[in-house]
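Fold and geometry: a report
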Amino acid sequence: QVQLVESGGGLEQAGGSLRLSCVASGRAFSSYAVGWFRQAPGKEREFVAGISWADGSTYYADSAKGRFTISRDDGKNTVYLQMNSLKPDDTGVYYCAAKYRSATQALLVPPYSAWGQGTQVTVSS
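First, a word on scope: everything that follows refers to the structure included in this document. Note that the structure is a prediction, hence the values are computed from the model and not measured. (Residues numbered from 1 in each chain as written. Predicted model: local features only at pLDDT ≥ 70, side-chain atom pairs only at ≥ 80, totals over all residues. Heavy atoms only, no water.)

What about unusual backbone geometry?
- Residue P111 is bonded to the preceding P110 through a cis peptide linkage, with omega at 5 degrees.
- Turning to its location among the elements, P111 is positioned in the loop between β9 (92-100) and β10 (114-115). (Helix = DSSP H or I, 4+ residues; strand = E, 2+ residues; numbered from the N terminus.)

Considerations on the sheet that holds strand β7 (residues 68-73)
- Here we have four strands laid out as an open sheet, ordered β1-β3-β8-β7, and antiparallel in their pairing. The sheet is open, and its two edges are formed by β1 (2-7) and β7, each paired on a single side. Across this sheet, the average inter-strand angle for adjacent strands is 15 degrees, counted without regard to direction.
- As judged from the six bridges shared by β1 and strand β3 (residues 18-26), these two strands associate in the antiparallel manner. Across the sheet, the residue bridging to Q3 is S25, located in β3. (Pairing = 2+ DSSP bridges. Axes fitted to C-alpha atoms, helices over the stretch in contact; angles between N-to-C directions.)

Observations concerning the state of the cysteines
- According to the stated counting rule, one finds one disulfide in the structure shown.
- Note that C22 is cross-linked by a disulfide to C96, the S-S spacing being 2.1 Å. Across the S-S bond of C22 and C96 the torsion is about 75 degrees, and the bridge reads as right-handed. With C22 in strand β3 and C96 in strand β9, the pair connects residues that are 74 residues apart, well separated along the chain. Across the pair, C96 and C22 agree in class, each one buried. (Disulfide = S-S within 2.5 Å. Buried < 20%, exposed > 50% of the residue type's maximum accessible area, 1.4 Å probe, protein only.)

See below:
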């Protein structure tokens, strides 16, 4: 089992950048696919990006393609989400979730092995 902690959120202007981190504790983090999700006020949580445990392949929501990059450093038990060209619609609480030995696209559906507590991202216009 892993535990996840997100960080890196904050207030940024439209067009700016932020890098979120998801740090895992526990065993065998390299065996988990990891996804980033976000939840805007009054809306359901939505998938943003995911990265494979096996080969580092990635998968993005259409809203993230070309602007966000997900990556992982298993030596540091960390998954990153680099967010560029931020828009006010990117505002929300960002969560990471892990799924044991999952295909990347399977991150879109539960169940998940673990969730983090979330980090707030606010993009001003």
